Amino acid sequence: MKFGPIPIEAAEGAVLAHATTAGEKRFRKAHRLSAEDVAILKAAGISQVVAAVLASGDLGEDAAAQRIAEGMIFSGVEARPAATGRVNLHARAAGIFTVDAAMIDAINAVDPAITIATLAQHAPVEKGRMIATVKIIPFAVASTLVDAVTEICAGGEIFAVNAYRPVRVGVIQTVLPGIKPGVLDKTLRVTEARLARTGGRLTAERRTAHEIAPLAEAANSLARDNDIVVIFGASAMSDFADVVPAAIEMAGGTVIRAGMPVDPGNLLVLGTLAGKRVIGAPGCARSPKENGFDWVLDRLIAGLDVTARDIAGMGVGGLLMEIPTRPQPREPLPAKSKLKVGIVLLAAGRSSRMGGPNKLLALFDGQPLVRRTAERALASKASGTIIVTGHQRERVRAALSGLDVTFADNPDFADGLSTSLRAGIAYLPHDMAGAMIVLGDMPGVAPEDLDRLIDAFRKAGGNSVVRASHGGKRGNPVLLPRSLFPAIAHLEGDTGARHLVEAEGLIDVEIGEGASVDVDTREALEDAGGVLQD
């Protein structure tokens, strides 16, 4: 490839290095000039252009990137069409990313014109997340270089997204005098939320004395019907012959590794029992914050083996106390003040306690309640509003006519609140850092109340659940961080996301009486100033 200024007479077939204007005609960067284009440029008085002229053995940037992507062997990944010399590859499902680092290094050593960047080894990814990108730097590259790269790619699987599996998990909590039941209950909620992120299911819990024999018996019992057994010891492991590792061995199992070079998470124990994996959870696993327990648990749920050597190799990058959770390449987190929040307004319910009329169509100051709520959402600092409809969908949509909202229909609304949450979250753009769940039947929540929640969310860096409160009591709306979206996708029934909210780092924001005033009954609606419509 020849690059630089060339006479306009020799420019047919060349690729423009810069956007060029000829009268009212504008040619974009990377445009390949035709004979007609050259004539237009000459007529405009342009005598030369800076461009790339491809040699007979060259491939254009898009063709080169596409050929490399097509030569790769991968699983759980899809390649998007080439554009501007780049092919982006995305996860087909949520899971754990694995990559052959030696193969990536070999490709990047072929020539600086050809690059590939990926996520870190064992990074957790959501469905649709970009996991790698192939980029051709110049406008064209020699086909011999592309051939060299595809030969490397033919050597085996270059990367994969190992999808999470619906594993069954049994939990054992040992007890010592003085341990409050509330601590154990919270640990269970945190564990359920942690599993929900990856599609796992907590099937059973046992509570035993913090002694070797009863713990061994409980471990054997749960290992029969579960894929993984997690043990939360009442006292942290202080020796490799302590209660948890000793109980695994008494039960007939094997301790693979006790202790790990990840902080927090140092005191983890990993073993096998009856062909199942057993994890002695470190004390930090009682918190929803990321720790070494997550690294081991997530890999096992994704079907990946975890050996003693694997754990020994976690030290580099294992200091988690002061670092952000695995940033994604080319997708930097926005400044706190720019974190986008979308509103999911739930308007699909049947108003069953009203005995017939739809409460969302009740008039408040002559305006349907659902429209009043939507207009207040639109007047807030939120970056968009999704309206989830279901019961009397057409009537609800008619009441919202003309508003700049997005509708998400929920045909399964009769199956419970969780179906509406899933439907609304699925419609949020990928750049939303959080979702504020707004109930359609709360007439006392004003735009400034919504803004207080958004401000608190941004101040916390977009990583915490923010909940409206009144007089110290929990209320609505609730703002959920993006980290909880995968767990919401696995919710079922009419329970909503309460257990997820209470398991995460939670910030309560006092907004006044509006946080606790909904209108589920005729009396409540009339007391709030509403008029039902038949």
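So, here's what we can say about the structure. In every chain, residue numbers begin from 1 and rise along the written sequence. The model is predicted, so local features are restricted to residues of pLDDT at least 70 and side-chain atom pairs to those at 80 or more, both for listing and for counting; the totals for chains, interfaces and linings are taken over all residues. Water and hydrogen atoms were dropped before computing side-chain values, which therefore reflect all heavy atoms in the structure.

1. Thoughts on the sheet that holds strand β30 (residues 506-510)
Here comes step 1: We treat two strands as partners when DSSP finds at least two bridges between them. A run of DSSP states H or I qualifies as a helix once it reaches four residues; a run of E qualifies as a strand once it reaches two. Both are numbered from the N-terminal end. Pairing in this open sheet of seven strands is mixed, and the strands run β26-β25-β22-β27-β29-β28-β30 from one edge to the other. The open sheet has two free edges, formed respectively by β26 (406-409) and β30, since each of these has just one partner strand. Within the sheet, the average angular offset between the axes of one strand and its neighbour, ignoring direction, is 30 degrees.
Here comes step 2: Contact criterion: two residues are considered in contact whenever any of their non-hydrogen atoms come within 4.5 Å of each other. Whenever a helix is involved, its axis is fitted only over the stretch in contact; in every case the axis is a line through C-alpha atoms, and angles between N-to-C directions fall within 0 to 180 degrees. Packed on one face of the sheet, helix α10 (residues 369-378) meets β22 (341-347), β25 (385-389) and β27 (434-439) and runs near 175 degrees to β22.

2. As for the sheet that holds strand β23 (residues 363-364)
Here comes step 1: The strand order across the open sheet formed by three strands is β24-β23-β31, and the pairing between neighbours is antiparallel. The open sheet has two edge strands with one neighbour each: β24 (367-368) and β31 (530-531).
Here comes step 2: Pairing between β23 and β31: two bridges, direction antiparallel. Each residue of the ladder has a partner; that of Leu-363, found in β31, is Val-531.

3. As for the packing of aromatic side chains
Here comes step 1: Paired rings are identified among Phe, Tyr and Trp, the last through its six-membered ring, by centres lying within 6.5 Å, and are further divided according to the angle between planes into stacked (under 30 degrees), edge-to-face (over 60) and tilted (the rest). Counted under the stated rule, the structure contains three aromatic pairs.
Here comes step 2: Ring geometry for Phe-74 and Phe-159: centres 5.8 Å apart, planes at 15 degrees, overall stacked. Note that Phe-74 is positioned in strand β7 (residues 73-75) and Phe-159 in strand β15 (residues 157-163), a separation of 85 residues in sequence.
Here comes step 3: Relative accessible area serves as the criterion here: at 24%, Phe-74 is assigned to the partly exposed category.
Here comes step 4: With centroids separated by 6.0 Å and ring planes inclined at 40 degrees, the aromatic side chains of Phe-97 and Phe-159 adopt a geometry described as tilted. Taken together, the residues Phe-97 in strand β10 (residues 95-99) and Phe-159 in strand β15 connect sequence positions 62 residues apart.
Here comes step 5: When accessible area is computed with a 1.4 Å probe and restricted to protein chains, residues below 20% of their type maximum are described as buried, those above 50% as exposed, and intermediate ones as partly exposed. You can call Phe-97 buried: its relative accessible area is 0%.
Here comes step 6: What links up through ring pairs into an aromatic cluster is the set Phe-74, Phe-97 and Phe-159.

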